[in-house]
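A closer look at the structure
Residues per chain are reported as follows:
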Amino acid sequence: MIILPSLLNANTYNIKEQLQILKDKGIDHLHVDVMDGQFVPSQAFGPNTVNDLKNMTDFKLDIHLMIENPEKHIPLYKNADIITVHYESTRHLYRAIQLIKNMGLKACVAINPATSVSMIEEVLPMLDQVLVMTINPGVPGEKFIAQTMTKIEKLDQLKKEKNYHFNIEVDGNVNKDTINECLKAGANMFVSGSYIFNGSIPDNIDSLLEEVKKYEY
Ligand code: DX5
Ligand code: ZN
């Protein structure tokens with residue numbers, strides 16, 4: 001089980017201090033949203049941020065590309081550990097996954113709340129990770145969409161049936177209550193933004209870890 005704080009919700013002014021707090025809590029993955037103002041309304045981060053994080057920290061970098069035509073930009077993210085492309089953002093999903101794998105990185109495909117698991121069934125054997133969006137992409141702090149849990153269950157079932165190895169990641173309003181539904185459904189990677197960075201970061205992380213512990217044995 002992995003908790004991934006989302007950089008988008010960190011305080012830019014106190015970033016160094018906040019990243020140190022995460023490190024001290026044993027967090028080793030960081031989720032970085034890249035948004036182009038086209039695929040999603042907002043804009044955020046890019047390759048420079050990823051390069052700086054790689055040079056200055058030792059977090060594993062989980063890069064969530066919310067951009068049109070991601071295959072054009074993937075080569076700029078060689079310092080990532082995991083690259084996620086949205087099913088909805090490209091006509092060439094297979095090519096995008098191949099590009100990521102050829103760079104020696106882990107490949108993940110994200111699906112929006114309205115996208116069914118069946119749309120990515122063909123590529124599941126190639127994937128290291130599947131990201132189920134539990135909010136509309138691009139806007140942190142939105143309401144958790146509970147219907148997306150059936151997609152996690154479906155992925156978990158396919159994984160068991162076909163012996164696939166991908167991790168199941170969730171992103172969008174993950175907090176100490178919603179994480180339970182995700183755990184129950186079969187997710188094992190949890191992106192959390194507003195919840196972790198509002199108030200006491202160590203306490204918020206502890207409250208998520210407490211829920212996770214109930215499912216680990
Ligand atoms: C939103 C981003 C998320 C965001 C999550 O589209 O993909 O990673 O930072 O923030 P919360 O947890 O606040 O919804
Ligand atoms: Zn994200």
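Not measured: the values here are computed from a predicted model. Residue positions are given per chain, counting from 1 as you read along its sequence in written order. To label them, take the chains in the order written and letter them from A, then take the ligands in the order written and number them from 1. Note on the predicted model: pLDDT of at least 70 is required for a residue's local features to be given, and 80 or more for side-chain atom pairs to be given and counted; whole-chain, interface and lining totals, by contrast, use all residues. Each side-chain value is worked out from all heavy atoms of the structure, with water and hydrogens disregarded.

This part is about the overall build of the protein. Helical segments are the DSSP runs of H or I of at least four residues, strand segments are the runs of E of at least two, and each set is numbered from the N terminus. When its secondary structure is counted, the protein shows seven helices and nine strands. Only C-alpha atoms enter the radius of gyration, while the globule expectation follows 2.2 Å times N to the 0.38, with N the number of residues. What you see for the protein is a C-alpha radius of gyration of 16 Å, in line with the 17 Å of a compact globule of 217 residues. On the principal axes, the C-alpha backbone points of the protein span a range of 40 × 40 × 30 Å. When accessible area is computed with a 1.4 Å probe and restricted to protein chains, residues below 20% of their type maximum are described as buried, those above 50% as exposed, and intermediate ones as partly exposed. Looking at the protein residue by residue over its 217 residues, the buried ones come to 53%.

Okay, the site of ligand 1 next. What surrounds ligand 1 is a group of 21 residues, the closest being Ser6, Asp33, Gly138, Asn173 and Ser194. Contact between ligand 1 and Asp33: an oxygen atom at 2.8 Å from a side-chain N or O atom of the residue. The definition of a polar contact used here is a pair of N or O atoms within 3.5 Å, where within protein one atom must be able to donate a hydrogen and the other to accept one, and adjacent residues in sequence count solely through side-chain atom pairs. His64 is positioned with one of its side-chain polar atoms (N or O) 3.3 Å from an oxygen atom of ligand 1. Residue exposure ignores everything except the shown protein chains as possible cover, and the areas themselves are Shrake-Rupley values with a 1.4 Å probe. Out of a free accessible area of 380 Å², ligand 1 has 99% covered by protein chains. For this classification, the nonpolar set comprises Ala, Val, Leu, Ile, Met, Phe, Trp, Tyr, Cys and Pro, the charged set comprises Asp, Glu, Lys and Arg, and every other residue, Gly included, is treated as polar. Of the residues that constitute the shell around ligand 1, the class distribution is eight nonpolar, eleven polar and two charged. In these notes, residues near a molecule or strand are those with any non-hydrogen atom within 4 Å of it.

With that out of the way, let us pick up the sheet that holds strand E8 (residues 167-171). A pair of strands is labelled paired if DSSP reports no fewer than 2 bridges between them. Strand order in the open sheet formed by nine strands is E1-E9-E8-E7-E6-E5-E4-E2-E3, and the pairing between neighbours is mixed. Each edge of the sheet is formed by a strand with only one pairing partner; in this case those strands are strand E1 (2-5) and strand E3 (43-44).

This next bit is on the packing of aromatic side chains. Paired rings are identified among Phe, Tyr and Trp, the last through its six-membered ring, by centres lying within 6.5 Å, and are further divided according to the angle between planes into stacked (under 30 degrees), edge-to-face (over 60) and tilted (the rest). Going through the model one piece at a time under the given rule, you end up with one aromatic pair. Consider the rings of Tyr164 and Phe166, whose centres lie 5.9 Å apart with planes at 40 degrees: the pair is tilted. Since its relative accessible area comes to 19%, Tyr164 is described here as buried. Residue classification places Phe166 among the buried positions, given a relative accessible area of 0%.

Turning our eyes to something else, we now look at unusual backbone geometry. Of note in the backbone geometry, Phe45 takes a positive phi value of approximately 45 degrees without being a glycine. Since its relative accessible area comes to 33%, Phe45 is described here as partly exposed. Positioned with a positive phi, Asn69 is a non-glycine residue whose angle comes to about 45 degrees. Within the fold, Asn69 resides in the loop between strand E4 (60-66) and strand E5 (82-86). The partly exposed category is assigned to Asn69, whose relative accessible area is 35%.

Take the coordination of the zinc ion (ligand 2) next. Any N, O or S atom lying within 2.8 Å of the metal counts as a donor, and for Na, K and Ca the limit rises to 3.2 Å; water is left out, so some sites can look incomplete. Around the zinc ion (ligand 2), the protein contributes the donor atoms His31 (NE2), Asp33 (OD), His64 (ND1) and Asp171 (OD), which lie 2.1 to 2.3 Å from the metal centre. Between 85 and 135 degrees for all angles marks four donors as tetrahedral; over 155 degrees for opposite donors together with 65 to 115 for all other angles marks four donors as square planar and six as octahedral; every other arrangement is irregular. Considering all six donor atoms around the zinc ion (ligand 2), the spread of angles at the metal, 71 to 170 degrees, places the coordination shape in the octahedral class.

Further remarks concern the side chain of Asp128. Inspection of the secondary structure assignment puts Asp128 in the loop between strand E6 (106-111) and strand E7 (129-133). A distance of 2.8 Å separates polar atoms of two side chains, one belonging to Asp128 and the other to Lys101. The contact partners of Asp128, leaving out residues within four places of it in the chain, are Lys101, Leu105, Lys106, Ala107, His165, Phe166 and Asn167. Any two residues having at least one pair of non-hydrogen atoms within 4.5 Å are treated as being in contact.

Here we take up the nonpolar core. By size, the foremost hydrophobic cluster in this structure holds 59 residues, and its most contacted members are Leu22, Ile63, Leu65, Leu124, Leu127 and Phe190. Counting nine residues, the second-largest nonpolar core is a separate cluster that includes Ile82, Cys108, Ile135 and Met189. By nonpolar core is meant a set of buried Ala, Val, Leu, Ile, Met, Phe, Trp, Tyr and Cys residues that side-chain atoms within 4.5 Å join together.

Where charged atoms from two side chains of opposite charge come close, those side chains can pair. Salt bridge, as used here, is a side-chain nitrogen of Lys or Arg placed within 4 Å of a carboxyl oxygen of Asp or Glu. All told, the structure shown has six salt bridges when counted by the stated rule. In this structure, Lys23 and Asp58 form a salt bridge, with 2.8 Å as the shortest nitrogen-oxygen distance. Remark: Asp58 occurs in the loop between helix H2 (47-56) and E4 and Lys23 occurs in helix H1 (residues 15-24); sequence separation between them is 35 residues. Note on Lys23: relative accessible area 29%, which makes it partly exposed. Residue class for Asp58 comes out exposed when judged on its relative accessible area of 58%. Lys25 is the salt-bridge partner of Asp206, the closest N and O atoms lying 2.8 Å from each other. A residue pair is termed long-range when its members are at least 10 positions apart, and Asp206 in helix H7 (residues 201-213) and Lys25 in the loop between H1 and strand E2 (29-36) qualify at 181 residues.

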